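Summary of the model geometry
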Amino acid sequence: PMGWLAPIVIKAKLLIQELWLQELEWDKKVPEDISNRWLSFQNQLKSVQTITIPRWMHYSPSTVEILGFCDASEKAYGAVVYSKTINASGDSKITLLIAKSKVAPARKKTTLPKLELCAALLLAKLIKKTTTALEFENPSIFAWTDSKIALAWIKGNPARWKTFVANRVSQIQTLL
């Protein structure tokens, strides 16, 4: 539920999307290349058992920062949120809180800058969800994207952009 396996799950989502694009009838055999990649993915899933993520975020009366990162490619985009707690002695601890990944639309091609903007919106939603759920009072929030175009859109007035961009920019500005 917290998306900690998002980097793994996105591979399955991409395979399912590719299979869907084949428009096969339900009783038709899956193409061999997709079948082989699925079997390889299935074998790699066994290593998931070795992943451990500490649940304690070292939160106590201390300074809390929320750190978020997002990125996109032509096939998918995602976001991840961490907390950074700094205690009175200055020691800090960074903890993974939540992550999410989505596949890019398959039928309607979207530009990479628009996908980067979608990733930024996903990040804004995750940050809002996290800060609300954990009831942090005015944490410092830092959000990063590597897209200069998405940053320019976000810094601008939504009314300047076409509908797709304007709607997402407005949501990001409202959430954060």
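Quick note: structure is the one above.
These numbers were taken from a predicted model, which means no experiment stands behind them. (Residues numbered from 1 in each chain as written. Predicted model: local features only at pLDDT ≥ 70, side-chain atom pairs only at ≥ 80, totals over all residues. Heavy atoms only, no water.)

With 13 residues, helix 5 (residues 163–175) should cover 18 Å at 1.5 Å per step; its first-to-last C-alpha distance of 18 Å lies within 8% of that length. Contacts from the buried residues of helix 5 go to helix 3 (112–133) and helix 4 (148–155). (Helix = DSSP H or I, 4+ residues; strand = E, 2+ residues; numbered from the N terminus. Expected span 1.5 Å × (residues − 1). Contact = heavy atoms within 4.5 Å.)

Before going further, it helps to examine the environment of Leu 21. Relative to the assigned elements, Leu 21 resides in helix 1 (residues 6–21). We classify Leu 21 as partly exposed; its relative accessible area is 34%. For the pair Leu 21 and Ala 106, spaced 85 residues apart in the sequence, the C-alpha separation amounts to 7.7 Å. (Buried < 20%, exposed > 50% of the residue type's maximum accessible area, 1.4 Å probe, protein only.)

Counted under the stated rule, the structure contains zero disulfides. Sulfur of Cys 70: no disulfide; nearest cysteine sulfur belongs to Cys 118 and is 11 Å away. Using a relative accessible area of 9% as the deciding quantity, one classes Cys 70 as buried. Residue classification places Cys 118 among the buried residues on the basis of a relative accessible area of 13%. (Disulfide = S-S within 2.5 Å.)

Quick look at unusual backbone geometry now. The general pattern is negative phi for most residues beyond glycine and trans for most peptide bonds. Even without a glycine there, the phi angle at Glu 23 is positive, about 55°. Mapped onto the fold, Glu 23 is located in the loop between helix 1 and helix 2 (32–44).

A word on the pattern of salt bridges. Within this structure, the stated rule accounts for three salt bridges. One salt bridge in this structure joins Arg 37 and Glu 18, with 2.7 Å as the shortest N-O distance. One end of the pair, Arg 37, is in helix 2; the other, Glu 18, is in helix 1, and 19 residues separate them in sequence. Here Arg 37 falls in the partly exposed class, since its relative accessible area comes to 34%. The exposure class of Glu 18 is partly exposed, given its relative accessible area of 27%. Among the salt bridges present, the one from Glu 23 reaches Arg 107, with a minimum N-O distance of 2.6 Å. Of this pair, Glu 23 sits in the loop between helix 1 and helix 2 while Arg 107 is found in the loop between strand 3 (92–103) and helix 3, placing the two residues 84 residues apart along the sequence. Overall, Arg 107 belongs to the partly exposed group, its relative accessible area being 48%. (Salt bridge = Lys/Arg side-chain N within 4 Å of Asp/Glu carboxyl O.)

This part is about the packing of aromatic side chains. Here the structure, examined in full by the defined rule, presents four aromatic pairs. On the numbers, 4.8 Å between centres and 15° between planes, the contact of Phe 69 with Trp 144 is stacked. You can see Phe 69 sitting in strand 1 (residues 63–72) and its partner Trp 144 sitting in strand 4 (residues 140–144), a full 75 residues away along the chain. Under the relative-accessibility criterion, Phe 69 is labelled partly exposed at 35%. A connected cluster of aromatic rings, assembled from ring pairs, spans Phe 69, Tyr 82, Phe 142 and Trp 144. Cation over ring: Arg 107 sits above Trp 20, and NZ or CZ is 4.7 Å from the ring centre. Above the face of the Phe 164 ring, Arg 168 is positioned so that its terminal group lies 3.6 Å from the ring centre. (Phe/Tyr/Trp six-rings, centres within 6.5 Å; stacked < 30°, edge-to-face > 60°. Lys NZ or Arg CZ within 6 Å of the ring centre and 35° of its normal.)

In short, geometric facts, not functional conclusions.
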